Amino acid sequence: MRLGILLSGLATLSIGVALASSTKPASPASAPMATEDRVQLPGWWPSKGTASRDEFLGPDACAACHASKFRTQTQTPMAHAAMRPADSEALRSHDQLTLSLPPYNYLISRQENGSLFSVTDGKRTISLPLSWAFGLGQAGQTYILERNGTFYESRVSYFPELNGLDPTPGQSQAAPSSLEDALGRNMLYAGETQRCFACHTTASTTNRRFDPSHLIPGVTCEACHGPGAKHVAAMKADRIKLGLKAILDPGQLNPVDQLDFCGACHRTYVDVVLSKTFGIRNLRFQPYRLERSQCWLRSNNGITCLACHNPHQPRVRDLASYDDRCLSCHQPGHFTKICTVSANNCVSCHMPKYEVPGMHSKFTDHFIRIVRKGEGYSD
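Report on the accompanying structure. (Residues numbered from 1 in each chain as written. Predicted model: local features only at pLDDT ≥ 70, side-chain atom pairs only at ≥ 80, totals over all residues. Heavy atoms only, no water.)

Brief notes about the sheet that holds strand 4 (residues 114-120)
So, point 1. Reading across from one edge, 2-3-4-5 is the order of the four strands in this open sheet, with antiparallel pairing throughout. With partners counted over all chains shown, the strands left at the sheet margins are strand 2 (96-101) and strand 5 (125-129), one partner each. Recorded for the sheet is a direction-independent mean angle of 15 degrees between the axes of neighbouring strands.
So, point 2. Direction of pairing for strand 2 relative to strand 3 (residues 104-111): antiparallel, over a ladder of six bridges. Bridging from a neighbouring strand, Ser100 pairs with Asn105 of strand 3. (Pairing = 2+ DSSP bridges. Helix = DSSP H or I, 4+ residues; strand = E, 2+ residues; numbered from the N terminus. Axes fitted to C-alpha atoms, helices over the stretch in contact; angles between N-to-C directions.)

Brief notes about helix 10 (residues 255-266)
So, point 1. Between the first and last C-alpha of helix 10 there are 15 Å, a value that for 12 residues agrees with the 16 Å anticipated at 1.5 Å per step.
So, point 2. All buried positions along helix 10 are accounted for by Val256, Asp257, Gln258, Leu259, Asp260, Phe261, Gly263 and Ala264.
So, point 3. Here the buried face of helix 10 lies against helix 2 (35-38), helix 6 (192-200), helix 7 (221-225), helix 11 (269-275), helix 12 (286-290) and helix 13 (294-297).
So, point 4. A side-chain oxygen of the first residue of helix 10 lies 3.0 Å from the backbone nitrogen of Val256; this N-cap is Asn254. (Expected span 1.5 Å × (residues − 1). Buried < 20%, exposed > 50% of the residue type's maximum accessible area, 1.4 Å probe, protein only. Contact = heavy atoms within 4.5 Å. Polar contact = N/O pair within 3.5 Å; in protein donor to acceptor, adjacent residues only side chain to side chain.)

Here we look at the state of the cysteines
So, point 1. Scanning the entire structure with this criterion turns up one disulfide.
So, point 2. Through a disulfide, Cys199 is tied to Cys265; the S-S separation comes to 2.2 Å. Between Cys199 and Cys265, the S-S dihedral sits near -90 degrees, and the bridge is therefore left-handed. Of the two residues, Cys199 is situated in helix 6 and Cys265 in helix 10; the sequence distance between them amounts to 66 residues.
So, point 3. Taking relative accessible area as the criterion, Cys265 reaches 32% and is therefore assigned partly exposed.
So, point 4. This cysteine, Cys346, is not joined by any disulfide, and Cys326 carries the nearest cysteine sulfur, 4.2 Å off. (Disulfide = S-S within 2.5 Å.)

Focus on the nonpolar core
So, point 1. Ranked by internal contacts, the top residues of the largest apolar core, which has 24 residues, are Tyr106, Ile108, Phe117, Val119, Tyr143 and Leu183.
So, point 2. At the level of elements, helix 5 (89-92), strand 2, strand 3, strand 4, strand 5, strand 7 (141-147) and strand 8 (150-159) are the ones that each hand at least two residues to this core.
So, point 3. Beyond its immediate sequence surroundings of up to four residues, Ile108 is in contact with Leu91, Asp95, Gln96, Leu97, Ser115, Leu116, Phe117, Leu130, Tyr143 and Leu165.
So, point 4. In terms of nonpolar packing, the next biggest core, distinct from the first, is built from 10 residues, Trp44, Phe56, Ala203 and Ala264 among them. (Core = buried A, V, L, I, M, F, W, Y, C linked by side-chain atoms within 4.5 Å.)

Examining the pairing of strand 2
So, point 1. Only one face of strand 2 is buried: it carries Leu97, Leu99 and Leu101, and the other face, with Gln96, Thr98 and Ser100, is open.
So, point 2. The loop that links strand 2 with its antiparallel partner strand 3 comprises two residues.

Here's the deal with helix 8 (residues 229-236)
An α-helix turns once per 3.6 residues; consequently, residues spaced three or four apart project the same way.
So, point 1. All of the buried residues in helix 8 are His231, Val232 and Ala234. With its buried residues spanning 165 degrees around the axis, helix 8 presents them on a single face.
So, point 2. Residues of helix 8 that are buried make contact with helix 9 (240-245).
So, point 3. Once helix 8 finishes, Asp238 follows within two positions and takes phi at roughly 65 degrees, a positive value. (Arc of directions from axis to C-beta.)

Some details on the side chain of Thr193
So, point 1. Here Thr193 is to be found in helix 6.
So, point 2. With a relative accessible area of 6%, Thr193 lands in the buried category.
So, point 3. If we ignore the near neighbours within four places in the chain, the residues touching Thr193 are Phe151, Met187, Leu188 and Phe210.

Some details on unusual backbone geometry
So, point 1. The step from Pro102 to Pro103 runs through a cis peptide bond, and the omega angle for that step is 10 degrees.
So, point 2. Although it is not a glycine, Asn345 sits at a positive phi angle of roughly 50 degrees.
So, point 3. Along the chain, Asn345 turns up in the loop between helix 14 (323-327) and helix 15 (346-350).

Points about the side chain of Thr150
So, point 1. When you line up the elements, Thr150 lands in strand 8.
So, point 2. Thr150 sits in the buried class, given a relative accessible area of 13%.

With respect to the pattern of salt bridges
So, point 1. Within this structure, the stated rule accounts for 12 salt bridges.
So, point 2. Taking the shortest distance from any N to any O, the salt bridge between Arg38 and Asp257 comes out at 2.8 Å. Taken as a pair, Arg38 in helix 2 and Asp257 in helix 10 lie far apart in primary sequence, 219 residues in all. Comparing Arg38 with Asp257 shows no difference in burial state: the two are buried.
So, point 3. A salt bridge links Asp379 to Arg289; its shortest N-O distance comes to 4.0 Å. Here Asp379, found in the segment after strand 16 (362-364), pairs with Arg289, found in helix 12; they are 90 residues apart in sequence, far enough to count as distant.
So, point 4. Given the relative accessible area of 34%, Asp379 is considered partly exposed.
So, point 5. Shared partners join several salt bridges into a network, and the residues in it are Arg289, Asp365, Arg369, Glu375 and Asp379. (Salt bridge = Lys/Arg side-chain N within 4 Å of Asp/Glu carboxyl O.)

Side note on the packing of aromatic side chains
So, point 1. Tallying each qualifying case throughout the model produces 10 aromatic pairs.
So, point 2. Pairing Trp45 with Phe261 gives two aromatic rings, centres 5.1 Å apart and planes at 75 degrees, and the pair type is edge-to-face. Placement of Trp45 in the loop between helix 2 and helix 3 (60-63) and of Phe261 in helix 10 is noted, with a sequence separation of 216 residues between them. Of the two residues, Trp45 and Phe261, both sit in the buried class.
So, point 3. Seen in terms of ring centroids, Tyr269 and Tyr288 are 5.1 Å apart; in terms of plane orientation they differ by 40 degrees. Their pairing is tilted. You can see Tyr269 sitting in helix 11 and its partner Tyr288 sitting in helix 12, a full 19 residues away along the chain.
So, point 4. Judged by relative accessible area, Tyr288 falls into the buried class, the value being 3%.
So, point 5. An aromatic cluster is present here, built from Trp132, Phe134, Phe151, Phe197 and Phe210 joined pairwise through their rings. (Phe/Tyr/Trp six-rings, centres within 6.5 Å; stacked < 30°, edge-to-face > 60°.)

Right under this line is the structure:
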């Protein structure tokens, strides 16, 4: 464990207070921090729930001035991180989805205005309308149920590789003790509901109160840039300096803050260490994996998520298109080593893909390194 990092991260809680009217985070951190600590600081941060609902205008308000970014961002998986079941392509394309996990049988049936989730033990049946579909469905899609005011993460999820259902990753493999438990995981524990919705939707928690009835589906503009009402009003009044101050540009954060910013939902280094999530399960925590890389350490913390990914555009799947980022440092005369194997498709060797058990899909490892022949996943 990087004890020094943890202590340094906690120490930044004492940094100076930013102007209350600004979305700019407090003074830059010198080391990674836990998201739980970040959201306690002044200024905007993803998953923060202190702003009032009327400060959020929705993405259409951004389209007037940022048309191109708005258009391409709506095509990203983040924009579809949460959707109503009626908007889910996976659900629309199947009249029925079934799975047997003895002694329980599951059925998701398409209805006129959504989908119905049913679980039975052969004697009793519980049927509920699906409330939300989490995830675009490129790798998988999990469903959120609501029963008696409590949200549940469905015990089964849809996986395109199977063209069907399978157990939701992370849930217990043991047979539930009751039909109610067979619905899925109760999300009441330690604020899990708020955290899950905070990273899949926009403005689900406002004034420190969870209110899913007024949320904006998906990770939209204001989820990252902060509530936009003050920004829009100032820009319309031609008060440009005030308008720029009232919105956050994450691209202007220093590298440590940038990784923690994305890590608010993708897990920071400290989040992973504190949760003791090690082994193949941390593959999908990209900031944590990147911060273990020599590319991060030897570049003086200079390489961030934004070096390769534009959050306003769909992810580029052409591996060769990332070569120029690698070769900008790995060239003669630079302090980095030159690859003796190839100068093409760098990430195919140095960022291999692995399958997380139960996910039925391979994910890119962001721990950039020299991978020896026959070497498996390196924690």
